[in-house]
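# Summary of the model geometry
Listed below, chain by chain, are the residues.
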Amino acid sequence: MLSDKQIQKALEKKALGFTADEVVEDYALNDEGNLVLTKRRVTTKYYPPDTQAIKSVSEMDNGLENLSEEELLQHKLRLIRSLADKP
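A brief report on the enclosed structure follows. (Residues numbered from 1 in each chain as written. Predicted model: local features only at pLDDT ≥ 70, side-chain atom pairs only at ≥ 80, totals over all residues. Heavy atoms only, no water.)

Per the secondary structure count, the protein chain includes three helices and two strands. Element order for the protein chain, N to C, with α for helix and β for strand: α-β-β-α-α. Its C-alpha atoms give the protein chain a radius of gyration of 20 Å, clearly above 12 Å, the size a compact globule of 87 residues would have. Within the protein chain, residue pairs in contact and separated by at least 24 positions form 52% of the contacts whose partners lie at least 6 positions apart. Accessible surface computed for the protein chain: about 6,900 Å², of which carbon and sulfur atoms make up 53%. Counting 13 positive and 16 negative side-chain charges, the protein chain places the centres of these two groups 3 Å from one another. (Helix = DSSP H or I, 4+ residues; strand = E, 2+ residues; numbered from the N terminus. Rg over C-alpha atoms; globule rule 2.2 N^0.38 Å. Contact = heavy atoms within 4.5 Å. Areas by Shrake-Rupley, 256 points an atom, 1.4 Å probe, with all protein chains shown as cover. Lys, Arg positive; Asp, Glu negative; His and termini not counted. Charge placed at Lys NZ, Arg CZ, Asp CG, Glu CD.)

To continue, consider the pattern of salt bridges. In the structure shown here, the tally under the stated rule is three salt bridges. Note that glutamate 25 and arginine 40 form a salt bridge whose closest N and O atoms lie 2.9 Å from each other. Taken together, the positions of glutamate 25 in strand β1 (residues 18–29) and arginine 40 in strand β2 (residues 35–47) put the pair 15 residues apart, joining distant regions of the chain. The exposure class assigned to glutamate 25 is partly exposed, which follows from its relative accessible area of 35%. (Salt bridge = Lys/Arg side-chain N within 4 Å of Asp/Glu carboxyl O. Buried < 20%, exposed > 50% of the residue type's maximum accessible area, 1.4 Å probe, protein only.)

What follows is the structure, encoded as structure tokens:
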């Protein structure tokens, strides 16, 4: 289970945009029938700021201190579901 700090950090990262390395590896069978790495490509992808994450961070910064424990738990579960639904 993600902690509140992990959720906040992930949302902030997505809200600001980030880069990540993507590795693609190609394999082929050699004469002995073993898989051998033939090609490896590493590309850096840029993920632009996400407006939904910006909105979520903004909502989290405004008014959370006024929510009850049950409302905070519901909010947390909603954010976790939202993060899980994003590719």
